[in-house]
There are 2 protein chains.
Amino acid sequence: MGRMPERVPGRLPGSPPTLADVAERAGVSRQTVSNAVNNAELLRPDTLERVRAAIAELGYLPNRAARNLRTRSSHLLGLRISPHLEGTAEATMDRFVHSLVEASRGAGYHVLLFDAVDRTDPLAGYDDLLRATAVDAFVVTDTYLGNPQAGLLDERGAPFVAFGRPWDDPGAPHPWVDVDGAAGTRLATDHLLDRGHERIAWIGWRKDSTIGEDRRSGWSSGLRDRGLPTSGLASRVEDTVASGREASAVLLDEARPTAFVCASDTLAIGVLHTLADRGLSAGRDVAVVGFDDSQAAQLVLPGLTSVRQPLEQVAVEVVRALEGVMTHQPRPEPGLLLVPTLSVRGSS
Amino acid sequence: MGRMPERVPGRLPGSPPTLADVAERAGVSRQTVSNAVNNAELLRPDTLERVRAAIAELGYLPNRAARNLRTRSSHLLGLRISPHLEGTAEATMDRFVHSLVEASRGAGYHVLLFDAVDRTDPLAGYDDLLRATAVDAFVVTDTYLGNPQAGLLDERGAPFVAFGRPWDDPGAPHPWVDVDGAAGTRLATDHLLDRGHERIAWIGWRKDSTIGEDRRSGWSSGLRDRGLPTSGLASRVEDTVASGREASAVLLDEARPTAFVCASDTLAIGVLHTLADRGLSAGRDVAVVGFDDSQAAQLVLPGLTSVRQPLEQVAVEVVRALEGVMTHQPRPEPGLLLVPTLSVRGSS
DNA sequence: CGACTCCTTTGGATCGTTCCAGTCAGCGTA
DNA sequence: TACGCTGACTGGAACGATCCAAAGGAGTCG
C-alpha cells in the first residue's frame, strides 16, 4: 500500500467518485468494491460494512457507461412514439407511457423515447438503437397498422415485447400483451342490457380495421346471446366526432335504438352531439358508451360511460415479459390478453 | 497486414461490428475509422471513401456505451414525469414530450424518462442519474410548484434548462423557457373585446397560484386599457369542472357578463355546462375562452376557443438552450418568454 | 541532396467497470 | 508435518470507443 493513485491529480474536483476511489478509502481492491455492490454475499460481513461506509461517505454510484460497456447492456427500454396519433388514442398512449416508466423502474430499467426520422420506414429508429447497443429491448406499440415491426425485429434477433396482438399472424412467436377489446364492448353491451335496453346500436370503424371488428364482435355477441337483433343497428365510419354525429342521426331515424355502443370516445361524443341537437337527454332518453375512458369522457356534460383499458396492468405485464425475453426464459404462451373495465358515468 | 484479429474467434456472429472490424476491412487503423466518423475533414478523400464503404458494408454504428465512457457524455436528456397531473395540464405535458423528443433528435439527443421514487423529495431521481453520469442534462418541467429543483440542481452544477419561470426568484441565474400566460389571456380578452363584448368575466385559480395570477393579469390589463370595469367580474376557484360550473353560475347571476375568460379548459368546460343548464348557447349568447387547447376543447359541442401554448417552439428553444449550457456558452438572458396563440372555435 | 516543413495516418494509453484466473490464509485430515 | 480444500480477496485483462504524441510520406527549399 501507500502507492499513489495516479489518476487523482488530474481529476476535476466535481467529477463523481469511482470504484478506485472507494477501494482506496476502504483499503480493499476494486474488485471487492464491485462485489460489495453486485454480489454482497461474497464478502465477509465486516469487510462489507467497511466498503459500504466508504460508498456512503463518497456518495459513490457506478458509472453507467462503464458498466454498460462491460456488461453489454444499457438497462434502457426503447419506446417509439408516433408523431401524432389520431383522436383519443393519443391519450391512451400517454397513460401507457406513464405506467411503463413506473413499471420499468421497478425492474431497474429506464425508458428511452425516440421517434421515426422517416415515417415510411417501419424500422426507422429501431435499427440504429439496436446496432449501437443503446437499448436492451423495445416496447413496440404501433402494431395496429399491420405491424411489420414485429416480424422484422424478430428476424434481427432484437428483444422486444409488443403491446398489441399480431392480428395478421396469430401464430407469431414473439411475446405480446393486449387488451381484449371484444370483452370490453361485451361489458358495455351487457351493462346496457341490464338497464333494460333492447335496441342497442353500434358505431365503429371501417371493416378493414381489425381492432374495430374485434370490438364490434363484443357488441354483436352480447345481443345474439340474448336473442336480440343486430341487423340495421350497426354503422362503420371514420373515427371523428362529425362521423359519429352523422351516423347516430341516421341510426336514430332508421332503427330507433335506445342505446349506443361506440368503438371510441370520439365517436361517442359525436352521438352526444346528435342527442343535444334533438333535445334528447343522454343517459335518460338514450344511453351512450364510449371506449378509451379519455379525459374528454370525464369532462363532457353528463359524463360519458366508457370502456377503460387496464394500462397499468399492461405495463407491468410488458415489463415482466421483457425480463423473460432478456433472460431467454421459455414462455408457455406468447400472448397475454387482459380484460378492460367499465367506467360508468351519466351517459348510461 | 495478415495478422489475425485475436478477438474475432470468440465473438458471437450476431454481435454488432466494432471499430476494429471496420479498420481491418478498410485496411486502416482504428483511429482513422474514428476520424472518418467524427472528423471526416482530417482524411484524404480516397481513404475516407474506402472507410465509408467498409462502414456501409458492415453496417457499423459506434457502440454507445464505449463512446459514452470515453467522452464522458451520454447524449441523453433526462425528463422527470410527474405521476399524475391534474386536469388538462397532463395533456399539455404530453404534447411537450412529443415535441421535445423531436427537437432533441435534431440535436443528436434522446430523451430518457424517469419518475420520482419518493415524491416528497424534489431531487428524487435527478441525483442518481447525475451521479451515475447517465444523462448529460435535464429538462425540468415541474417548476410551477415553487421549484426547489432549479436551485438544488444549480448547486450541484447539474446542467439543465427549465420549462417554466423561476417565479419565486426572478433573478435566478439558470436558463429557462416559458410561455407568457398573461399575453395569452390578453389575446383572449382582446379577441372578445373585438367581438363587441364589454362585460368579460374571469374564472381562475386561487391567489397563491402565481401562474394563475399571471394569466389573470392579461385579462385585467386588457379591460383596464379600454377603460372597462373588472370589479365583481372575477372568481378564483379550484381547477375542476364543478368549480367552473358553480363560479360561472354565480357570476352570471350577480354580474351579468357576456363572456368568460378562464385559466384552464377544465374551468371553461364548467362554464359550458352552466350555459347548457340555463338553455344559453355558447358562442351565440355567451362567449367562452379556455386555456391549453386540450383535446376536450376540440371535442365539446360548439368547440371551445382556447389559448394554445407554442410547445413545439418551447421544445426547440429548450434544446437550443441546453446546447448552450453544455458547451458553457454565456447567455445574454437567462430566460426566454414565448407568446401563445388563440385557437378560435364555436364558443366565441 | 539533405533538412525542413506540413499533412495524413498510426499505436499505445485511457475512460470505469466487470470477468477471470490466481494468491493467500486458515482449517481439517492423514 | 504435509497435504488438500475452502473462503476471501486481489491484480491483470477486457469491453469499444477517443485522446494524445509520435511516425511516415510527400513536397519545398537552400
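For the structure, see preceding data.
Enquirer: Can you help me understand the protein's contact with DNA strand D in this one?
Expert: As a structural note, the neighbourhood of DNA strand D is formed by 26 residues, with T47 and R72 of chain A together with L19, Q31 and S34 of chain B the closest of them. For DNA strand D, the fraction of protein-proximal atoms (within 4 Å) that sit in sugar or phosphate groups is 62%. Interatomic distance of 3.1 Å between a backbone N/O atom of R44 of chain A and a phosphate oxygen of DNA strand D. Secondary-structure elements contributing two or more residues to the surface near DNA strand D are helix 2 (30-38) and helix 4 (64-71) of chain A together with helix 2 (30-38) and helix 4 (64-71) of chain B. The biggest single contributor to the surface near DNA strand D is helix 4 of chain B, with five residues. For the surface near DNA strand D, the class distribution of residues is eight nonpolar, 10 polar and eight charged.

Enquirer: Just to check I follow, could you spell out the interface of chain B and chain A for this structure?
Expert: Accessible area lost when the parts come together is the quantity often used to give the size of an interface. Facing the 50 residues of chain B at the interface are 50 residues of chain A. Summed over both sides, the interface of chain B with chain A buries roughly 4,500 Å², with 65% coming from carbon and sulfur. Considering only the side of chain B, the residues that lose the most area to chain A are H98, R131 and L299 of chain B, jointly responsible for 15% of the buried surface there. Viewed at the interface, chain A and chain B are joined by two salt bridges. For R105 of chain A, the salt bridge is made with D115 of chain B, and the minimal N-O distance between the two is 2.6 Å. In this structure, the connection of chain B to chain A is made through 16 residue pairs in polar contact (both at pLDDT 80 or more).

Enquirer: Quick question: what am I supposed to make of the protein's contact with DNA strand C here?
Expert: The local shell around DNA strand C holds 27 residues, among which L19 and Q31 of chain A together with T32, T47 and R70 of chain B are the closest. A distance of 3.2 Å is found between a phosphate oxygen of DNA strand C and a backbone nitrogen or oxygen belonging to R44 of chain B. Counting only elements with at least two residues in the surface near DNA strand C, the list comes to helix 2 and helix 4 of chain A together with helix 2 and helix 4 of chain B. Here the element with the most residues in the surface near DNA strand C is helix 4 of chain A; it accounts for five residues.

Enquirer: Is there a simple way to explain the pairing of strand 9 (residues 287-291) of chain B in this structure?
Expert: Along any regular strand the residues' side chains alternate between the sheet's two faces. Residues and elements named next belong to chain B. Burial runs high along strand 9: five of the five residues are buried. Taking every second residue as pointing to the same face, both faces of strand 9 are buried, with A287, V289 and F291 on one and V288 and G290 on the other. As judged from the three bridges shared by strand 8 (residues 259-262) and strand 9, these two strands associate in the parallel manner. Of the residues in strand 9, the one forming a bridge with F260 is V288. On the question of chirality, the crossover connecting strand 8 to the parallel strand 9 by way of helix 11 (residues 265-277) is right-handed. The pairing of strand 9 with strand 10 (residues 305-308) spans three bridges and is parallel.

Enquirer: Any chance you could explain the relation of the copies chain B and chain A here in plain terms?
Expert: The two chain copies are connected by a rotation around an axis plus a translation along it. For these two chains of identical sequence, chain B goes onto chain A by a turn of 180° and a shift of 0.0 Å along the axis, with RMSD 0.1 Å. Each copy turns onto its partner about a two-fold axis. Of all interface residues in chain B, 100% are interface residues in chain A too; the two copies therefore contact each other through one and the same surface.

Enquirer: It is not clear to me how helix 11 (residues 265-277) of chain A should be interpreted in this structure. Could you clarify?
Expert: Side chains three or four residues apart in an α-helix point the same way, a direct result of the helix having 3.6 residues per turn. All names here are of chain A. Over its 13 residues, helix 11 extends 18 Å from the first C-alpha to the last, a length consistent with the 18 Å expected when each residue adds 1.5 Å. Where burial is concerned, most of helix 11 is hidden: 11 out of the 13 residues are buried. For helix 11, the full list of buried residues reads D265, T266, L267, A268, I269, G270, V271, L272, H273, T274 and L275. Two to three positions downstream of the cap, the backbone nitrogen of T266 sits 3.4 Å from a side-chain oxygen, assigning the N-cap of helix 11 to S264. Within two residues after helix 11, G279 carries a phi angle of roughly 70°, on the positive side.

Enquirer: When you look at empty space enclosed by the protein in this model, what are you seeing that I'm missing?
Expert: In this approach the atoms are scanned with a rolling probe the size of a water molecule, which exposes any empty space left behind. Counted by the stated rule, this structure contains four cavities of 30 Å³ or more. In this structure, the largest cavity occupies an estimated 180 Å³ of space. Elements that contribute at least two residues to the lining of the largest cavity include exactly helix 4 of chain A together with helix 4 of chain B. Of the residues belonging to the lining of the largest cavity, the class tally is eight nonpolar, six polar and two charged. Computed from the structure, the second largest cavity encloses a volume of approximately 100 Å³. As for the second largest cavity, its lining consists of I81, D94, V97, H98 and L113 of chain A together with I81, D94, V97, H98 and L113 of chain B. Grouping the constituent residues of the lining of the second largest cavity by class yields six nonpolar, two polar and two charged.

Enquirer: When you look at the sheet that holds strand 5 (residues 176-179) of chain B in this model, what are you seeing that I'm missing?
Expert: Strands belonging to one sheet form pairs held by backbone hydrogen bonds; the direction of such a pair is parallel or antiparallel. Taking strand neighbours across the sheet as the criterion, the 12 strands line up as 11(A)-5(A)-4(A)-3(A)-1(A)-2(A)-2(B)-1(B)-3(B)-4(B)-5(B)-11(B) in an open arrangement whose pairing is mixed. Because the sheet does not close on itself, it has two edges, and the strands there are strand 11 (335-338) of chain A together with strand 11 (335-338) of chain B. Averaged over all adjacent pairs, the angle separating strand axes in this sheet is 25°, with direction ignored. Alignment of strand 2 (residues 110-114) of chain A against strand 2 (residues 110-114) of chain B, held across three bridges, turns out to be antiparallel. Paired with L112 of chain A across the two strands is L112 of chain B, which belongs to strand 2 of chain B. This element, helix 13 (residues 311-326) of chain B, spans strand 1 (76-80), strand 3 (137-140), strand 4 (160-163), strand 5 and strand 11 of chain B of the sheet and lies at about 160° to strand 4 of chain B.

Enquirer: Could you clarify how one ought to interpret the packing of helix 5 (residues 89-106) of chain A against helix 5 (residues 89-106) of chain B in this entry?
Expert: Geometrically, a packed helix pair is captured by the angle between its two axes and the distance between the axes. At a closest axis distance of 11 Å, the pairing of helix 5 of chain A and helix 5 of chain B adopts a crossing angle of 85°. By the angle between their axes, helix 5 of chain A is roughly perpendicular relative to helix 5 of chain B. The residues of helix 5 of chain B that touch helix 5 of chain A, namely those facing E90, D94 and H98 of chain A, are E90, D94 and H98 of chain B. When grouped by side-chain class, the residues that make up the contact of helix 5 of chain A with helix 5 of chain B number no nonpolar, two polar and four charged.

Enquirer: I tried to follow unusual backbone geometry on my own but got confused; where do I start?
Expert: If a residue is not glycine, its phi is most likely negative; likewise, a peptide bond is most likely trans. Of note in the backbone geometry, D293 of chain A takes a positive phi value of approximately 50° without being a glycine. Mapping D293 of chain A onto the fold places it in the loop between strand 9 (287-291) and helix 12 (295-299).

Rules used throughout
- Residues numbered from 1 in each chain as written.
- Chains lettered and ligands numbered in written order.
- Predicted model: local features only at pLDDT ≥ 70, side-chain atom pairs only at ≥ 80, totals over all residues.
- Heavy atoms only, no water.
- Near = heavy atom within 4 Å.
- Polar contact = N/O pair within 3.5 Å; in protein donor to acceptor, adjacent residues only side chain to side chain.
- Helix = DSSP H or I, 4+ residues; strand = E, 2+ residues; numbered from the N terminus.
- Nonpolar A, V, L, I, M, F, W, Y, C, P; charged D, E, K, R; others polar.
- Contact = heavy atoms within 4.5 Å.
- Buried area = accessible area lost by both parts, 1.4 Å probe.
- Salt bridge = Lys/Arg side-chain N within 4 Å of Asp/Glu carboxyl O.
- Buried < 20%, exposed > 50% of the residue type's maximum accessible area, 1.4 Å probe, protein only.
- Pairing = 2+ DSSP bridges.
- Right-handed = clockwise from strand over helix to strand, strands pointing away.
- Least-squares fit on C-alpha atoms with pLDDT ≥ 70 in both.
- Expected span 1.5 Å × (residues − 1).
- 1 Å grid on protein atoms, 1.4 Å probe; cavity = no way out; pocket = protein on both sides within 12 Å on 5 of 7 lines; lining within 4 Å.
- Points joined across faces, edges and corners; volume = space filled by probe spheres on them.
- Axes fitted to C-alpha atoms, helices over the stretch in contact; angles between N-to-C directions.
- Parallel < 35°, antiparallel > 145°, perpendicular 65-115°, else oblique.

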